[in-house]
Structure formats: structure tokens, C-alpha cells
Amino acid sequence: MNEFFVQNTEAIQKILSAYPAGNKRPAVMPLLYLAQRTNGFIQKKTLDEIAEILEITPTEVASIVGFYTLYHDEPGGRYHLQVCTDLPCALRGADRFLQDLCDNLGIKVGETTADGLITIEEVKCLAGCHHAPLFQVQGDGDISYHEDQTVDAAMQLIAELKKKAAEREGTNA
Amino acid sequence: MSAYILYRHRDIPNLNQLDVYQKNGGFEAIKKAIKTMSPAAVLNEVKDSGLRGRGGAGFPTGMKWSFLPGNLWPHYVVANADESEPGTFKDREILESNPFQFLEGLMLAAYAVQANDAYIYLRGEFWQIARRLDTCIEELYAEGLLGDKLFGTKYSLRLHTHLGAGAYICGEETALLESIEGHLGQPRLRPPFPATFGLFGKPTVINNVETLTNLPPIIEKGAAWFKTLGTEKSPGVKIFSLSGCVNKPGNYELPLGTTFRELIFTHGGGIPDGRTIKAIMSAGASSVIVPADDRALDTPMDYESTQANLNAPLGSASVIILDDSVNMAWLVNKTVHFFRHESCGKCTPCREGTYWMSHLTRRIAAGEAAPDDIDLLNIVARQMQGKCLCALGEFSTMAVTSGIEKFRADFEKLVNH
Ligand SMILES: Cc1cc2nc3c(=O)[nH]c(=O)nc-3n(C[C@H](O)[C@H](O)[C@H](O)COP(=O)(O)O)c2cc1C
Ligand code: SF4
Ligand code: FES
């Protein structure tokens with residue numbers, strides 16, 4: 001029983017319809033996003049189910065997950081806060097910003113806060129170089145941009161994210 | 001009257017809403033094209049306009065379209081919205097604030113080559129933009145501006161968005177096609193070219209977002225009008241993404257042929273903190289580092305002049321400004337790490353070359369290198385040149401060799417003597 005297909009039949013069929021009839025493979029990236037948005041990351045079981053739907057091998061699907069950096073096959077922190085430190089941003093203080101933010105949280109780049117909620121990462125250009133320092137937040141199946149940042153503003157956002165997560169836990173329980 | 005041609009949203013509030021776009025002449029061009037012009041006539045108008053691709057290579061758009069064979073079907077059009085070159089952020093503003101003009105341009109390109117399906121490939125980080133575009137596309141179907149038998153003709157058109165997932169190389173057009181097909185984003189060997197063997201093995205046109213956004217005004221006002229803007233060989237306006245050490249970084253829509261000086265000092269407000277300008281990169285992190293002397297500053301930013309005067313391509317016109325506090329060895333370490341991270345690994349010179357260069361640049365930037373390492377870095381970069389499967393490998397060496405040639409003292413300063 002392909003649970004992923006059963007739970008998302010309509011969405012999956014809509015995705016498949018965007019590509020030529022009989023050619024299912026192009027749906028692999030959209031389906032991986034669908035899985036990631038549902039579960040926060042791509043579980044091995046879902047990966048196998050996607051392979052089955054598309055009639056390709058799980059190894060082929062896994063190679064896509066491995067090649068593209070926006071797919072996660074491990075849970076990681078609830079929110080990935082990803083600061084751009086590429087050249088144009090670095091010229092406007094992005095490295096300093098990242099360092100100060102990490103110091104404030106008491107973690108290093110790549111680490112997750114003790115409550116498991118916030119992972120701080122360094123990423124390449126996000127096409128927002130004129131609004132440095134900036135970062136994107138990946139989490140809850142979404143990606144949002146936060147531009148012209150200060151450490152204070154970022155800390156405030158982090159507090160809000162933590163509150164949001166706590167509220168979610170509360171309603172789920 | 002809006003003075004902007006591409007960034008019309010800066011004059012017209014809420015232009016990203018369909019009714020506002022339509023009230024301001026939106027979709028008149030596509031109606032005119034489909035109802036009154038043959039596909040060949042649309043293609044010829046674009047050819048006559050002299051429009052050149054805004055994604056980097058500056059290839060004439062109409063000519064590119066004309067390469068599609070008439071005896072192989074279906075044809076596809078793909079919009080390149082991958083926008084991942086460090087220093088480039090122009091397409092994002094179009095997609096967010098003037099999406100319908102871009103979509104209308106994509107429709108015109110599709111009609112000209114008689115494609116019934118067109119894809120928009122967006123970098124994965126643009127996922128909210130993609131979601132909004134999906135809504136725009138739904139609205140167009142509902143309004144009868146997309147779908148079957150448009151405006152009572154036999155022509156049908158469907159648009160689809162496809163999200164990448166964090167790989168700069170997918171901006172390269174053949175890697176992009178591989179990515180849509182559900183493969184690793186790795187460039188294809190050419191020939192065959194996408195014009196004959198593209199998406200799903202069919203003839204395909206790939207155009208940049210900004211290129212496509214030029215099409216509605218060209219069809220509406222004609223090639224002759226378009227040629228009154230810009231220079232003779234580089235007609236039209238261009239969006240320059242200005243970033244780095246400058247007071248007012250941002251996107252500037254200006255005629256091609258505007259000088260670097262005007263962009264940086266008149267529009268960009270000059271250099272902050274009383275510092276002086278040291279160098280320019282004209283095409284993002286892929287570009288050579290050009291010392292900012294008077295000759296460079298007075299160079300018109302068009303495809304020919306930039307190449308002729310500075311031996312640097314205008315590329316996507318992502319102008320990064322470097323002031324006198326910037327050490328070029330530090331800079332090169334940044335760009336090389338970018339390319340090492342983004343190398344797709346398909347060919348050895350790039351995979352290994354970016355790896356070795358990144359070790360050397362890290363050592364140099366950290367003050368741990370020996371004097372010989374500078375020449376070694378230069379040799380590795382020069383050995384890569386001309387040997388890589390796609391332009392990314394070549395791009396990775398540009399700042400290295402030009403940096404060492406023009407700013408060797410910056411490197412010497414950091415090595416142990
Ligand atoms: C490594 C690499 C990255 C590229 N990234 C982009 C990009 O993000 N956006 C884009 O439009 N073109 C990009 N290009 C250029 C495309 O391959 C292609 O030439 C362009 O999309 C064609 O459109 P145009 O003729 O309208 O300019 C890239 C090229 C290379 C080699
Ligand atoms: S040059 Fe680099 S990015 Fe291009 S195909 Fe070779 S390894 Fe891949
Ligand atoms: S360099 Fe940071 S967004 Fe472009």
C-alpha cells in the first residue's frame with residue numbers, strides 16, 4: 001500500500017499532469033517537496049514510495065535528494081535559519097552578523113539550539129544582496145526571506161518562532 | 001506615463017494584480033500577436049528589435065528562436081528564473097512585482113515558436129514566488145488568457161512552474177533541462193543544442209526572465225521604438241544589480257550604454273565612509289576583477305564596450321563594487337569557495353580544480369601560505385581554463401587570474417615571507 005500516494009492522490013496527479021503523458025520522472029522534485037512539506041524532511045519510507053509512484057529506483061530518488069541542497073533526509077532543527085555570507089553580502093558585514101548571531105545564541109555555525117528548534121547555517125547568494133545582512137528561514141514546509149537584518153531583529157524573530165512552535169505543540173497535544 | 005519599461009511597478013502601484021495590469025495595457029501585446037500576427041511575424045519583430053539575452057551571454061533572442069526546426073514537434077519554451085549568480089537580484093523583483101508582464105512575455109515567446117507548453121524554472125528558494133506565480137497562472141486560465149483555443153484561434157498554451165532545489169549550476173541551460181526532467185542538475189555535452197534536442201528531447205528555447213519581460217513592449221510598440229533605446233548593437237534598457245561597497249545598492253533600470261561612473265556615483269550614491277573605489281566586478285562572482293580607473297569608470301555598460309575596454313563580459317550586469325578596504329586575496333577566497341560548492345562534479349578539471357584552488361585560497365586568506373602558493377594558485381586556474389565542460393569551471397578562474405594579475409600585492413601581503 002502506497003500511503004504517500006493515498007494521502008496525496010489529488011496533489012500528485014496534478015503534479016504529474018504538468019509533464020508529458022507517460023513521462024513520470026520529471027515529477028520527482030515536486031514530489032520530494034510535497035513529502036518534505038508534509039513531514040519536515042524526507043523519510044526513507046516516503047522516498048521508496050515516491051520511487052514506486054514514478055517507476056524509478058529508490059537509489060535514483062536518493063541521488064536527487066543528495067545532489068540538491070534544499071532537500072533534507074534528516075530531521076535537523078525545526079527551523080533552519082540560513083544566513084547568506086557570499087561575496088556581496090560579506091562586503092556589507094554578513095560574516096560579522098553571522099558571528100554575532102551565533103554568539104548571542106551560544107552556538108556555532110551548523111549547530112542547533114538545545115531545544116532542537118533553531119539550526120544556524122551559512123548559505124550562498126539568495127538574490128537579495130542589496131538587503132544584506134539577510135537570511136532565509138526554512139521550516140514548517142515554508143521558506144521565508146528576512147532582509148536588512150540586525151542581530152536584535154533576528155533574535156526577536158527567533159523568539160517568535162519558538163513561541164509558534166510551542167503553540168503548535170500545545171494544540172497538537 | 002510610466003518611464004520604466006520593465007520595472008513599471010515602480011510607477012504603478014499594485015501592478016502585480018491582474019486587473020491593474022490589464023488596466024495599464026496588460027495582455028494587449030499577446031492579443032495583438034495571436035489575433036493579428038503570424039508566429040513568424042512575432043519572431044521577425046523580435047529579431048528586428050535587436051533584443052539580446054539578459055541571462056548572461058547576450059545572444060540575440062530572435063535569432064535563437066529561429067534555430068528551432070519546423071519539422072520536429074512539440075516545441076517547448078523554458079523561462080530561466082534560477083537567478084543564483086552572487087550579486088544578481090534583478091529577476092526576483094520582476095517576478096514579485098511585475099509578474100504578469102513576465103508571463104505575457106513568456107506567452108509571446110511560446111506563440112512565436114508555437115509551443116503549447118512552457119515551463120518556468122525557479123530556484124528553490126523562490127518557493128513563495130512560485131506559489132504566487134501559480135496563482136497568477138490560475139487567474140489567467142480563468143480569464144481565458146491561457147488554455148485551449150485562445151482568442152478564438154486554434155492556438156493553445158499551458159504554463160507550468162518547476163522549482164529547483166538549491167544548485168547554482170541549474171541556471172546553466174542544459175543542467176536546467178536535466179533538472180526539469182528529474183535528473184541531477186549536470187550540464188549536457190553539446191551538440192546537440194537545446195534548439196534541436198532540448199526539454200524531453202524536443203526543440204526548446206530557454207530565455208531569461210528579464211529577456212522575456214522585454215517582449216510585451218516590443219510587440220506593442222515595435223522594433224523601431226525599441227532601437228531608440230540603448231546603443232546600436234545593444235539596444236534597450238537593462239537592469240543593473242548594484243551591490244557591495246556602495247551607498248545605495250539596488251536594481252537600476254537604465255539604457256544599455258550607461259557608464260559605470262553614472263551607475264555607481266549618480267544612481268548608487270558613491271562609496272560609503274569616505275572610502276575610494278578600488279575595483280569593479282561587472283558580472284557577479286563569475287567576473288574578472290577590473291581596477292576602477294577612469295578608463296573603466298567611463299566605459300559604457302553595453303555588451304561590446306565592456307568586452308572591448310575591460311576584457312570582461314557584461315554578463316547579467318551584476319555590478320559588485322569593491323572599495324580600498326577590500327583585499328583581493330580575501331575576495332578570491334570567497335568566490336572560489338562559492339564555485340567549489342557549486343561545481344556539479346561532472347568533469348575532472350572543474351571538480352578537482354575548484355577543490356585545489358579552494359585549499360590554496362583558504363591558506364592564503366588565513367595567512368598560512370608560502371609565497372610559492374600564489375603562483376601555484378595561478379597555475380591551477382590557468383590549467384582549468386579552456387578544459388571545462390561548461391562555463392562554471394571557467395567562471396571559477398576569472399577572479400583568480402585577474403586578481404593575481406592586477407592586485408598581486410594583496411596576495412603578497414598575506415603570505416609568509
Ligand atoms: C553556471 C551558469 C549559471 C547560469 N545561471 C543563470 C541564471 O541563473 N539565470 C539565467 O537566466 N541564465 C543563467 N545562465 C545562462 C543560461 O545558461 C542561458 O544562457 C540563459 O538562460 C539564456 O537566456 P537569454 O538568452 O535570455 O539570456 C547561466 C549560465 C551558466 C554557465
Ligand atoms: S565545469 Fe564544473 S559545473 Fe560544469 S560540468 Fe564540469 S564539473 Fe560540472
Ligand atoms: S550575496 Fe547574499 S544575497 Fe547575494
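In this text, all values refer to a predicted model and were calculated from it rather than measured experimentally. (Residues numbered from 1 in each chain as written. Chains lettered and ligands numbered in written order. Predicted model: local features only at pLDDT ≥ 70, side-chain atom pairs only at ≥ 80, totals over all residues. Heavy atoms only, no water.)

1. Considerations on the interface of chain B and chain A
- Residue-level contacts link 58 residues of chain B with 41 residues of chain A.
- Interface of chain B and chain A: buried area, both sides summed, is about 3700 Å²; carbon and sulfur atoms make up 61% of it.
- Our count for the chain B to chain A interface comes out at three salt bridges.
- The closest approach of N and O atoms between Glu138(B) and Lys14(A), which form a salt bridge, is 3.9 Å.
- Taken together, the elements giving at least two residues each to the side of chain B that touches chain A come down to strand S2 (117-122), helix H7 (127-142), strand S3 (158-163), helix H8 (173-180), strand S5 (237-244), strand S6 (250-255), strand S9 (318-323) and helix H15 (328-342) of chain B.
- For the side of chain B that touches chain A, the per-class residue count stands at 27 nonpolar, 21 polar and ten charged. (Contact = heavy atoms within 4.5 Å. Buried area = accessible area lost by both parts, 1.4 Å probe. Salt bridge = Lys/Arg side-chain N within 4 Å of Asp/Glu carboxyl O. Helix = DSSP H or I, 4+ residues; strand = E, 2+ residues; numbered from the N terminus. Nonpolar A, V, L, I, M, F, W, Y, C, P; charged D, E, K, R; others polar.)

2. Quick look at the site of ligand 2
All names here are of chain B.
- With respect to spatial proximity, 13 residues lie near ligand 2, and among them Cys 344, Lys 346, Cys 347, Cys 350 and Cys 390 are the closest.
- The cavity that encloses ligand 2 is the largest cavity.
- Its residues placed into classes, the shell around ligand 2 shows nine nonpolar, three polar and one charged. (Near = heavy atom within 4 Å. 1 Å grid on protein atoms, 1.4 Å probe; cavity = no way out; pocket = protein on both sides within 12 Å on 5 of 7 lines; lining within 4 Å. Sits in = over half its atoms within 2 Å of the grid points.)

3. Considering the layout of surface pockets
- Computed from the structure, the largest pocket encloses a volume of approximately 1200 Å³.
- Taken together, 47 residues form the lining of the largest pocket, with Gly55(B), Gly56(B), Ala57(B), Gly171(B) and Glu173(B) sitting closest to its centre.
- Counting residues per element, the ones that place at least two in the lining of the largest pocket are helix H5 (90-97), strand S4 (204-208), helix H14 (303-310) and helix H18 (391-406) of chain B.
- Its residues assigned to classes, the lining of the largest pocket shows 19 nonpolar, 16 polar and twelve charged.
- The computed volume of the second largest pocket comes to approximately 850 Å³.
- In this structure, the second largest pocket is lined by 28 residues; those nearest its centre are Lys14(A), Ile15(A), Ala18(A), Asp134(B) and Thr161(B).
- Looking at the lining of the second largest pocket, the elements that each hand over two or more residues are helix H2 (9-16) and helix H3 (28-39) of chain A together with S2, H7 and S3 of chain B.
- The biggest single contributor to the lining of the second largest pocket is H7(B), with seven residues.
- Per-class residue counts for the lining of the second largest pocket are 16 nonpolar, four polar and eight charged. (Points joined across faces, edges and corners; volume = space filled by probe spheres on them.)

4. Structural notes on the pairing of S2(B)
Residue and element names in this part refer to chain B.
- Along S2, six of the six residues are buried, which leaves the element largely enclosed by surrounding structure.
- Across the two faces of S2 the burial is the same, with Asp 117, Tyr 119 and Tyr 121 and Ala 118, Ile 120 and Leu 122 all buried.
- The sheet contact formed by strand S1 (residues 76-81) and S2 spans six bridges and is parallel. Paired with Val 78 across the two strands is Tyr 119, which belongs to S2.
- Both S2 and S3 contribute to a ladder of six bridges, which runs parallel. Across the sheet, the residue bridging to Asp 117 is Arg 158, located in S3.
- Crossover connection from S2 via H7 to parallel S3: handedness right-handed. (Buried < 20%, exposed > 50% of the residue type's maximum accessible area, 1.4 Å probe, protein only. Pairing = 2+ DSSP bridges. Right-handed = clockwise from strand over helix to strand, strands pointing away.)

5. Quick word on the packing of aromatic side chains
Residues and elements named next belong to chain B.
- With the rule as written, the count across this model stands at 18 aromatic pairs over all chains.
- The interplanar angle of 75 degrees and the centroid separation of 5.5 Å between the aromatic rings of Tyr 76 and Phe 200 together place this pair among those described as edge-to-face. On the criterion of sequence distance, the pair formed by Tyr 76 in strand S1 and Phe 200 in the loop between H8 and S4 is long-range, its members being 124 residues apart. As far as the burial class goes, Tyr 76 and Phe 200 line up, both buried. (Phe/Tyr/Trp six-rings, centres within 6.5 Å; stacked < 30°, edge-to-face > 60°.)

6. As for the UniProt feature "binding site: [2Fe-2S] cluster" (unreviewed entry) in chain A
- Annotation from UniProt places "binding site: [2Fe-2S] cluster" (unreviewed entry) at Cys84(A), Cys89(A), Cys125(A) and Cys129(A). These annotated residues cover 46 residues of sequence, and their C-alpha atoms lie no more than 8.7 Å from one another, placing them together at a single site.
- Examined against the element boundaries, Cys84(A) turns out to sit in strand S1 (residues 79-84).
- Under the relative-accessibility criterion, Cys84(A) is labelled buried at 1%.
- Structurally, Cys125(A) can be placed in the loop between strand S2 (118-123) and strand S3 (135-139).
- Taking relative accessible area as the criterion, Cys125(A) reaches 3% and is therefore assigned buried.
- Other than its neighbours up to four places away in sequence, Cys125(A) contacts Cys84(A), Asp86(A), Ser84(B), Glu85(B), Pro86(B), Gly87(B) and Arg123(B). (UniProt positions renumbered as here; feature names shortened; annotations may be inferred.)

7. A closer look at the domain arrangement of chain B
Residue and element names in this part refer to chain B.
- According to the domain assignment, chain B consists of domain 1 (8-226), domain 2 (237-323) and domain 3 (328-416).
- Centre-to-centre separation of domain 2 and domain 3, based on C-alpha positions: 23 Å.
- On the side of domain 3, 13 residues touch domain 2, which itself brings ten residues to the contact.
- Overall, the association of domain 2 and domain 3 removes approximately 960 Å² of surface from exposure, summing both partners, and the carbon and sulfur fraction of that is 78%. (Domains from an automatic or database assignment.)

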